[in-house]
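# Coordinate inspection notes
Now for the letters of each chain:
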Amino acid sequence: MNRTYKVLFILCMLLLMISCEERSQNLVYIRANQVGFLPEDLKTAVVISKSALTQNKFTIINTGNHSVVFTGLLEKTSYSFGNFKYCYSIDFSKFSEPGSYQIETNGQSSEPFKIGNSVFNNIPDSLMLFFREQRCGPTNPILHKPCHLSDVARLIGDKDFENDAKGIDLTGGWHDAGDYIKFLSTTAYTTYMLIFSYDFDKNKFGFDDDKDGIPDALAEAKVGLDWMLRCNYSKYKLVTQVQDLGDHSVKWRMPENDSLRFDRPGYVGIGKNQIGMFVAVMALASRVWSERFHKYNFAKKCLDAAENLYSIRDNVPNIDSSQSGFYQDHTFWGKLALGAIELYLTTNKPSLLDDAVKYADSAGSDYWWSYGNLNSLADYRLAKIIPRFSNYILNNLNSFNEFKDSSIFHEGLVYSWGSTSSFLGVALQVILFKRLTGNPEFDSLAIFQRDYVLGRNPWGLSFIYGIGAIYPKHLHSQVGYFHHGYLPGALSPGPAPESVLENYKIVNSDNQYRIFNSDKVKYYDDYSNYITNEPTIFGNATALFVYGYYSNR
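Below you will find a few notes about this structure. (Residues numbered from 1 in each chain as written. Predicted model: local features only at pLDDT ≥ 70, side-chain atom pairs only at ≥ 80, totals over all residues. Heavy atoms only, no water.)

## Comments concerning the overall build of the protein chain
Using the following cut-off: Labels follow the DSSP assignment, with helices taken as runs of H or I lasting at least four residues and strands as runs of E lasting at least two, numbered in each case from the N terminus. Our radius of gyration is a C-alpha quantity, and the globule rule it is checked against amounts to 2.2 Å times the number of residues to the power 0.38. Three exposure classes are used, based on accessible area relative to the maximum for each residue type with a 1.4 Å probe and protein chains only: buried under 20%, partly exposed in between, and exposed over 50%. We call two residues contacting when some pair of their heavy atoms lies within 4.5 Å. Surface exposure here means Shrake-Rupley accessible area, sampled with a 1.4 Å probe, where a residue is shielded only by the protein chains that are shown. Positive charges are assigned to Lys and Arg, negative charges to Asp and Glu, while His and the chain termini are left out of the count. Taken as the charge location is NZ of Lys, CZ of Arg, CG of Asp or CD of Glu.
Helix and strand content of the protein chain: 15 helices and 16 strands. In terms of C-alpha radius of gyration, the protein chain reaches 25 Å, essentially the compact-globule figure of 24 Å for 553 residues. With the C-alpha coordinates aligned to their principal axes, the bounding extent of the protein chain is approximately 85 × 60 × 45 Å. Expressed as a percentage of the 553 residues in the protein chain, the buried residues total 59%. Partitioning the contacts of the protein chain with sequence separation of at least 6, the portion at a separation of at least 24 is 72%. For the protein chain, the accessible area works out to roughly 22200 Å², and carbon and sulfur atoms hold 51% of it. For the protein chain, the separation between the mean place of its 53 positive charges and that of its 58 negative charges on side chains is 2 Å.

The following block contains the structure:
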């Protein structure tokens, strides 16, 4: 081949590659919940494209016999997302026949999904596995061996404790996320939600997959309870964190091989925020372990610990900050209200109800959801006694409902670090409000958040590992990394704002979803990205409540 032909050949190949790339980036993308829908659900999907579509029809295809079972029209919208200037909505809510289906339009097919009463049943089972993967100490973890059996060798922050003479037993609990640090704040939230879920609906959350006679949610909660009681190492004192950022200074390793296992300090601290959550957990546990298991001694131990710490609430700082700088609360009223109302429900002392009312009114509506913004839990408990407290939840929902109309994907909140957990927190609050009032007005708001996490999002991912057809494969987890990405039931925190990401110098080696990123919000399925891809126990706890609610047990 002479030089001229070689040049022409190379030019043709380059043009072909560019043409193929352009075509691949101009495909129609269908974004839908990859798990499915209950028969009476709102059933929607989104179509995004870089160019205007020529066909306005969609069909629902039975994946078994490939027959067309439903036909409808795409609705063109004024929305856009990133490079995708054309967004269309699909609504097939009228179709309710159980089965397995796909959506087809403009030569493209969605991932398969199901319609049926039990389509969500396997999600809570899977989410529960993540807690076992996160277990620390001699607690029968999965995917790794018992670990950190020397927690902790020394305490920091207690001048009365003989640091050099002895340590205390702080084995157990859960690693908070992809690292091996343990936090009282997120452990307390997780433990509370596990017990609260069971208390909220004993049928849906009473499943016992391992057939040991104990509901799985309560068996897992006991891991958190035992560790929290150890954190209360002295009558009026708490350890709020085990290990610090030194954990991040060594290379990735399995927890049982942690080179720092004999160098894991416990940090002492206390604040009204910590007392509120600790008391809420222990008061609720006291009721449940007494009523469900007749474990009266354990129930009394929990109640005594709650009452002891509640008694000093006015003598401690408003907010205790974590030593690592993670999980900083900005307020304490909502957590203190939750502690007071749970303690009232356990003891029936009228003064505690007065406290709960005062604290919850001081907290008001927080218009958010996270480990530190959970006022609606206290409002829910109070509203069952004093109905006006449901109005605080209603304020949140009205705000979320209005915001959802700013996007074709109908997110209830702005993107943040931990978007999926916050979106599911919106759904959680809808569920609480509906239980209180019977009002179905916000059902669609909850379903949009539920479906977003399962695939109705710009990236077309189910953000729960192993759920749906396409899910993150490179979660920021050391245990997952050493199992080639395998981390069943882990909820990815999902997309984050560029305004957050730009503050961190994270090098992403996996960019397969970059074409769906916008200038404002991005997602990376990458081991290195602890912002968009590090699962946490508190995120999974929120997800468990939401998907458990939609299950059919």
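## Let's talk about the environment of Phe58
As for its placement among the helices and strands, Phe58 is situated in strand β4 (residues 57-62). According to the relative accessible area criterion, Phe58 is buried, its value standing at 1%. Taking the C-alpha atoms as reference points, Phe58 and Lys204, separated by 146 residues in sequence, lie 35 Å from one another. Setting aside chain neighbours within four positions, we find Phe58 in contact with Phe70, Thr71, Gly72, Leu73, Leu74, Ile90, Asp91, Phe92, Ile103, Glu104 and Thr105.

## A few points about unusual backbone geometry
The step from Asp151 to Val152 runs through a cis peptide bond, and the omega angle for that step is -10°. Although it is not a glycine, Lys211 adopts a positive phi angle of roughly 55°. Tracing the backbone through its elements, the reader meets Lys211 in the loop between α3 (184-200) and α4 (216-231). Residue Lys211 is classed as exposed on the basis of its relative accessible area of 71%.

## Points about the packing of aromatic side chains
Just so we agree on the cut-off: Centre distance within 6.5 Å is the pairing criterion for rings of Phe, Tyr and Trp, where only the six-membered ring of Trp is used; planes under 30 degrees apart are then read as stacked, over 60 as edge-to-face, and the remainder as tilted. A positively charged side chain is recorded as over a ring if its NZ (Lys) or CZ (Arg) lies within 6 Å of the ring centre. The angle to the ring normal must also be within 35 degrees.
Per the counting criterion, the structure on display carries 51 aromatic pairs. Look at Phe37 and Phe92: their rings are 5.6 Å apart centre to centre, the planes differ by 85°, and that puts the pair in the edge-to-face class. Note that Phe37 is positioned in strand β2 (residues 36-37) and Phe92 in the loop between β7 (86-91) and β8 (99-105), a separation of 55 residues in sequence. Under the relative-accessibility criterion, Phe92 is labelled buried at 0%. Considering the side-chain rings of Phe196 and Tyr380, the 5.9 Å spacing of their centres and the 85° angle between planes classify their relative orientation as edge-to-face. With a gap of 184 residues between them, Phe196 in helix α3 and Tyr380 in helix α9 (residues 375-383) connect regions that are remote in the sequence. Residue classification places Phe196 among the buried residues on the basis of a relative accessible area of 0%. The buried category is assigned to Tyr380, whose relative accessible area is 3%. Pairwise contacts between aromatic rings join Phe37, Phe58, Phe70, Phe92, Phe95, Tyr101 and Phe113 into one cluster. The ring of Phe389 is capped by Arg388, whose NZ or CZ atom sits 4.2 Å from the centre of that ring. Lying across the ring of Phe207, Arg553 places its NZ or CZ 4.3 Å from the centre.

## What about the sheet that holds strand β3 (residues 44-49)?
Rule in force here: Note on pairing: two strands pair once DSSP finds at least 2 bridges between them.
With antiparallel pairing, four strands are arranged side by side in an open sheet as β1-β3-β7-β6. With partners counted over all chains shown, the strands left at the sheet margins are β1 (29-31) and β6 (75-76), one partner each. Pairing analysis gives two bridges linking β6 to β7, with the strands arranged antiparallel. Within β7, the residue paired with Glu75 across the bridge is Ser89.

## A closer look at the nonpolar core
Counted only if it meets this: What makes a nonpolar core is a set of buried Ala, Val, Leu, Ile, Met, Phe, Trp, Tyr and Cys residues whose side-chain atoms join them at distances within 4.5 Å.
Ranked by internal contacts, the top residues of the largest apolar core, which has 144 residues, are Tyr192, Phe196, Trp289, Trp459, Phe545 and Tyr547. The leading source of residues in this core is helix α5 (residues 272-293), at 13 residues. One finds Val28, Phe37, Leu53 and Phe92 within the second-largest nonpolar core, a separate group that totals 19 residues.

## Looking at the packing of helix α11 (residues 419-437) against helix α15 (residues 537-549)
For clarity, the cut-off: In this description, a line fitted to the C-alpha atoms serves as the axis of each element, helices being fitted only across the stretch in contact, and the angle between N-to-C directions of two axes falls anywhere from 0 to 180 degrees. Small angles under 35 degrees read as roughly parallel and large ones over 145 as roughly antiparallel, with 65 to 115 read as roughly perpendicular and the rest as oblique. In this scheme, a crossing is called left-handed if the near helix is turned counterclockwise away from the far one by less than a right angle; it is called right-handed if the turn is clockwise. Polar here means any residue outside two lists: the nonpolar Ala, Val, Leu, Ile, Met, Phe, Trp, Tyr, Cys and Pro, and the charged Asp, Glu, Lys and Arg; Gly therefore counts as polar.
Where α11 meets α15, the closest approach of the two axes is 9 Å, and the angle between their N-to-C directions is 45°. By the criterion of interaxial angle, the relationship of α11 to α15 is oblique. The two elements α11 and α15 meet at a crossing, and its hand is left-handed. Note on element contacts: α15 touches α11 through Phe538, Gly539, Thr542, Ala543, Phe545, Val546, Tyr547 and Tyr549, opposite Ser421, Leu424, Gly425, Ala427, Leu428, Ile431, Leu432 and Lys434. Class assignment for the residues of the contact of α11 with α15 results in 11 nonpolar, four polar and one charged.

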